[in-house]
Amino acid sequence: MATLNLQGLVKRYGNFGVIHGVSFDIADGEFVVFVGPSGCGKSTLLRMICGLETVTEGQILIDGQVMNDVPSAQRGLALVFQSYALYPHMTVYQNMAFGLENLGTPKAEIAARVGEAARMLRLDDYMQRKPTALSGGQRQRVAIGRAIVREPRVFLFDEPLSNLDAELRVGMRAEIAQLHRRLKTTMIYVTHDQVEAMTMADKIVVLRAGTVEQVGAPLDLYNHPANQFVAGFIGSPRMNFLTGRISASGADGVAVDVPGVGTIRTHAGAGATIGQEATIGIRPEHIRPGPADGNNVSGEVVNVEQLGGLSYIRLGSPDITIQLSGQTGLGVGDRAEINLPAEAIHVFDADGLAMARAG
Amino acid sequence: MAKLVEIMRARRGDWTDWASYAYLIFGTLLMFGPVLWLAASSLKSQAGLGEFPPTLLPWEQTRATIQGQRAPLPLFRISKGEHAGEVLAETRRIGLQATMIDPARPETQIRVPIADRDKIMQLRPAWENYGDLITRFSFGAYFWNTVFITAVATVLTLLVNSMAAFALSKYRFRGREPVFMIMIATLMIPPTIVLVPNYLIASMLGLTNSLWGVIWPAVATPTGVFMLRQYMLTLPDDLLEAARMDNASEWRIYWKIVLPLSAPALAVLAIFSVMWRWNEFLWPMVVLNRSENFTLQLALNSFQGELTTQWNYLLAMTVVTLLPVTVIFLLLQKYITQGIASAGVK
């Protein structure tokens, strides 16, 4: 049970900055996901929290205590590695018991705690096996078990599911979420997969190039992305962006002239300067087929993906992806008429920052 | 063998297969022929070794103890002349004539031209060559000295080299690369160059004429550090970090994680170290002067006198000296190939 505060964290290797002043707070029992493209510094941030990387500037507080110079083992954290990092020469039991043995825990207590974790993770039958004799999912559970037996204040997961196949990943996702509900421990989870972030998190921290782009609940990020990066990163398939200039500005929003498409009316950015460059964004799932009132666009279909329950259609010019529920009769080369509902459109200024949306 | 036959059957008719097997068999004979000859000759008596023409198996001339003669006399079968077919013993030989006696009537001397007689040979392995090593020479002491040096030096080599390799592969510190380069650079200095300085140091430390004088200088080997470092570089850092998160001290990380995982490379180094120490000659010869401290190699050398060489003992002892390394090599050869392959050292 722990709270975590990061205050102006900076990490530099020589003159090369990796983390540029990251600050946010994590409440007790929260499931926080760090998400961002590869190389954004999310793993480095996690390793700084663990104590595996030193802090160049700023402070890490756990339960209000500064942890910068506390050795990793004494921070009361447990990390599940991307590679699992199971000791290959030890059995599952020895792997899980190693940390407790190092603390000089009595043998009986080690056995009890390992046994309990094994039951919780359904590993009872594998205790005497070596990691190489386990499947990917089982190894993952051993790695989690090794973290559990130490009864840490905070669990840290570094892309734990990236080595698993798609089906197993969905299963383990549910198991980790369930584990969080059961243990009610603070958890920090790093991933580059926004689906994992959306499904598991109480709070998502979106990182890019060593800075925090936005912190918030999953649906907040989806509904109210703070900038174009977050808007593009959260949601799959990604949001469509069209760049143009503001041609009219009214009380309920601006109209944006997009070259080759026409004027798109929106419910965002009221009061913005006319003539300013702006990018509109709309999610594929919010686009409707066929002409309706305003914001009609037509284009040639360049690609169709039929998933059965869903269909993705891609128009060539303008480049827009549309998600339709059900199946579609459209084929490559057909002309499609679509409608962009004004209330679903996001508007971003030249710096990529989101303009306020009405309602 | 069955597998070989199966392979040959499956690929019958390809002459290149036969050519390669012929070549390999030739190579095997070339490599093992001398060793087998050595082993066979080690069972010959001093006289058997002097036989001409030389034989592969321990054939030697039959001798008989005859009344009135001090030493056993060599026996011949007469092929020509009035005594043809008889077995006579030679008492003396002058030029082309031999003076011989009949073992049944030793008082009568018979003169026989040496061309008219054939040696009577018998197959008799001289096991006493091996027995005498233990009873007449302090072979046990030499053997123990060698085993002690080999075992202790190997354990220390593994310990010291693996610690150096651990530091050089897993810790980042200023000067890590230069230290490593200097260590590797010492590989280029021939041991004979440092022989004298080494001896001076050993003598200052009072290590001369002590088995430890052979052990200590051998403990740190650049080859060993290099081999282990290359192997340890392949161990994922995640494991060490996981152990660090698991509250393990650096010593425990080394002892419980790094060492067990480096086992293949350690096995290779152990084999090398055993072979190096067992066969080492020059340095022990310089350091050990008293014969009670001799290793097997030095003892072998001492069998070769300035005037006479006791070839039968020399050969027997060579065989005994070869055996332990050969056995170790046979048992561990699997690890050598594995370890060398995985240590990235060719």
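Residues numbered from 1 in each chain as written. Chains lettered and ligands numbered in written order. Predicted model: local features only at pLDDT ≥ 70, side-chain atom pairs only at ≥ 80, totals over all residues.

### Quick notes on unusual backbone geometry
All names here are of chain A. For clarity, the cut-off: Helix and strand definitions follow DSSP, with helices as H or I runs of at least four residues and strands as E runs of at least two, each counted in order from the N terminus. The burial criterion counts other C-beta atoms lying within 10 Å of a residue's C-beta, which is placed from the backbone; the residue is buried at 20 or more, exposed at 12 or fewer, and partly exposed between these limits.
The linkage connecting serine 236 with the following residue, proline 237, adopts the cis geometry, with an omega of -5 degrees. By secondary structure assignment, the location of proline 237 is in the loop between helix 8 (228-233) and strand 11 (240-249). One non-glycine residue, aspartate 63, lies in positive phi territory at about 50 degrees. Mapping aspartate 63 onto the fold places it in the loop between strand 4 (57-62) and strand 5 (65-66). Positive phi, normally seen in glycine, also occurs at tyrosine 84, with a value near 70 degrees. In this structure tyrosine 84 comes out as buried when scored by C-beta crowding, with 22 C-beta atoms within 10 Å.

### Let's talk about the domain arrangement of chain B
Convention followed: Residue ranges assigned to each domain were obtained from an automatic or database domain assignment.
Domain annotation of chain B identifies domain 1 (14-57), domain 2 (63-119) and domain 3 (130-343). Here domain 1 of chain B and domain 2 of chain B have C-alpha centroids that lie 35 Å from each other.

### Some points on the nonpolar core
Selection rule: Working definition: the nonpolar core is a set of buried Ala, Val, Leu, Ile, Met, Phe, Trp, Tyr and Cys residues, joined through C-beta atoms within 7 Å.
Counting 131 residues, the largest nonpolar core has Val33, Phe34, Leu156, Ile188, Tyr189 and Val347 of chain A as the members making the most contacts within it. Ranked by the residues each element gives to this core, the list is headed by helix 12 (residues 263-279) of chain B, at 8 residues. Core analysis: the next-biggest nonpolar cluster, separate from the first, contains 18 residues, Ile215, Ala218, Val287 and Leu315 of chain B among them.

### Regarding helix 5 (residues 166-183) of chain A
All names here are of chain A. Under the convention used in this document: Multiply 1.5 Å by the residue count of a helix minus one, and that product is the helix's expected span. Starting at the helix axis, one direction is taken to each C-beta atom, and the arc is that of these directions. Working definition of a contact: two residues with C-beta atoms, positioned from the backbone, lying within 7 Å.
Its 18 residues give helix 5 an end-to-end C-alpha distance of 26 Å, which sits within 8% of 26 Å, the value for a rise of 1.5 Å per residue. Along helix 5, the residues classified as buried are Arg169, Met172, Arg173, Ile176 and Leu179. Burial along helix 5 is one-sided: seen end-on, the buried residues are contained in an arc of 125 degrees. Away from its buried face by more than 90 degrees, helix 5 exposes Glu167, Gly171, Ala174, Gln178, Arg181 and Arg182. Looking at the buried positions of helix 5, the neighbouring elements they touch are helix 4 (136-148) and helix 6 (194-200).

### Describing the packing of helix 2 (residues 92-102) of chain A against helix 4 of chain A
All names here are of chain A. Which entries qualify depends on this criterion: Under this scheme, a helix contributes an axis fitted over its contacting stretch, all axes are lines through C-alpha atoms, and angles between N-to-C directions fall in the 0 to 180 degree range. Should an angle lie under 35 degrees it is considered roughly parallel, over 145 roughly antiparallel, and from 65 to 115 roughly perpendicular; all remaining angles are considered oblique. The handedness criterion is simple: a crossing whose near helix is rotated anticlockwise from the far helix by less than a right angle is left-handed, and one whose near helix is rotated clockwise is right-handed.
Relative orientation of the contacting elements helix 2 and helix 4 amounts to 30 degrees, with a least axis distance of 8 Å. Taken together, the axes of helix 2 and helix 4 lie roughly parallel to each other. The handedness of the crossing between helix 2 and helix 4 comes out as right-handed. Taken together, the residues of helix 4 that come into contact with helix 2 (itself represented by Val92, Asn95, Met96 and Gly99) are Val142, Gly145 and Arg146.

### Side note on the sheet that holds strand 18 (residues 320-325) of chain A
All names here are of chain A. What counts is decided by this rule: Pairing between two strands requires that DSSP report at least two bridges joining them.
Here we have 5 strands laid out as an open sheet, ordered 15-19-16-17-18, and antiparallel in their pairing. The open sheet terminates on both sides in strands that have one partner only, identified here as strand 15 (288-289) and strand 18. Direction of pairing for strand 17 (residues 310-315) relative to strand 18: antiparallel, over a ladder of 6 bridges. From the neighbouring strand, isoleucine 313 faces strand 18, where its bridge partner is isoleucine 322.

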